[in-house]
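Here's the letter readout for the chains.
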Amino acid sequence: RKEVEQDPGPFNVPEGATVAFNCTYSNSASQSFFWYRQDCRKEPKLLMSVYSSGNEDGRFTAQLNRASQYISLLIRDSKLSDSATYLCVVNIKGQAGTALIFGKGTTLSVSS
Amino acid sequence: EAGVTQFPSHSVIEKGQTVTLRCDPISGHDNLYWYRRVMGKEIKFLLHFVKESKQDESGMPNNRFLAERTGGTYSTLKVQPAELEDSGVYFCASSQVSDGGGYTFGSGTRLTVV
């Protein structure tokens, strides 16, 4: 079983749509949670951290359910510029380092 | 503030050759990480430096890979001898704190072994 699992998509949505991505992680010792965005042939960039209380940044809302080991990202009012791959990322507590564990990513394509 | 710089951006080498990748982290970032993405797979951790010391190298695939960070500034990742399965994109990242957040990634080196 993969440590971080995501639906690979692709998700093809029209502009203005609301889209939700889900992610599950297998290690209950996971400590920190993030959504990264990666554009084609570019580096990953931090979109937002994810907190147990849930957090929002403009059109983006992230949720964390530790009991279910589940993370979500909701994008409202999708823009063309949101087209990218969204990576679910966790950090495992207790490891010697601070390695990030990445999911394979969910591809979003927003069309006009 | 300058970002994380990686060199070269692309490298095509023959199986059995040696390649050295370089990463210049953001100035003042003690933490430097190497990650790799091979085709069709997720990005995977290779190793973590704190200044010049290897904090965690549990992700290094085998002894053909050697990472150094002399003086705690830039880092190099050498692959010797390269194999076909080493092809992929090698990302470097740096951060000021080691709590798992605040990473800045470089744009990566795309390595192709033929």
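Here the structure is shown first, and the text comes after it.
Only a predicted model underlies this, so the values are computations on that prediction, with no experimental measurement involved. (Residues numbered from 1 in each chain as written. Chains lettered and ligands numbered in written order. Predicted model: local features only at pLDDT ≥ 70, side-chain atom pairs only at ≥ 80, totals over all residues. Heavy atoms only, no water.)

## Points about the state of the cysteines
Formally: Our working definition of a disulfide is a cysteine sulfur pair at a distance within 2.5 Å. The secondary structure listing takes helices from DSSP runs of H or I that are at least 4 residues long and strands from runs of E that are at least 2 residues long, numbered from the N terminus. Think of it in three bands: residues with accessible area under 20% of the maximum for their type are buried, residues over 50% are exposed, and the middle band is partly exposed, with areas taken using a 1.4 Å probe on protein chains only.
Within this structure, the stated rule accounts for 2 disulfides over all chains. One disulfide in the model links Cys23 of chain A with Cys88 of chain A; its S-S distance is 2.0 Å. What sets the handedness of the Cys23 of chain A and Cys88 of chain A disulfide is the S-S torsion sign, and at about -75° it is left-handed. Of this pair, Cys23 of chain A sits in strand E3 (residues 19-25) while Cys88 of chain A sits in strand E9 (residues 84-92), and the two are 65 residues apart along the sequence. An identical accessibility class is assigned to Cys23 of chain A and Cys88 of chain A; each is buried. The disulfide bridge from Cys23 of chain B ends at Cys92 of chain B, spanning 1.8 Å between sulfur atoms. Between Cys23 of chain B and Cys92 of chain B, the S-S torsion sits near -65°, and that sign places the bridge as left-handed.

## Here's the deal with the sheet that holds strand E1 (residues 5-7) of chain B
Residues and elements named next belong to chain B. Put simply, the rule reads: A pair of strands counts as paired when DSSP detects no fewer than two bridges linking them. Throughout, an axis means a line fitted to C-alpha atoms (over the contacting stretch in the case of helices), and angles, computed between N-to-C directions, take values from 0 to 180 degrees.
Read from one edge to the other, the open sheet built from 4 strands follows the order E1-E3-E8-E7, with strand pairing classed as antiparallel. Because the sheet does not close on itself, it has two edges, and the strands there are E1 and strand E7 (65-68). With strand direction ignored, the average angle separating the axes of adjacent strands in the sheet is 15°. Bridge count between E1 and strand E3 (residues 19-24): 3 bridges; the pairing is antiparallel. Residue pairing in the sheet places Phe7 in a bridge with Arg22 of E3.

## A short note on the pattern of salt bridges
All names here are of chain B. Our working definition: Just to be clear on terms, a salt bridge is a Lys or Arg side-chain nitrogen sitting within 4 Å of an Asp or Glu carboxyl oxygen.
Throughout the structure, instances matching the rule amount to 9 salt bridges over all chains. Notably, a salt bridge pairs Lys15 with Glu83, separated by 4.0 Å at the nearest N-O pair. Taken together, the residues Lys15 in the loop between strand E2 (10-13) and E3 and Glu83 in the loop between strand E8 (75-79) and strand E9 (88-95) connect sequence positions 68 residues apart. By relative accessible area, which is 23% here, Glu83 ends up partly exposed. Measuring nitrogen to oxygen at the nearest pair gives 4.0 Å for the salt bridge that ties Glu85 to Arg64. In this pair, Glu85 is assigned in the loop between E8 and E9 and Arg64 in the loop between strand E6 (53-56) and E7, connecting sequence segments 21 residues apart. Classification of Arg64 by relative accessible area gives buried; the value is 13%. Taken together, the shared-partner salt bridges connect Arg64, Glu85 and Asp86 into one network.

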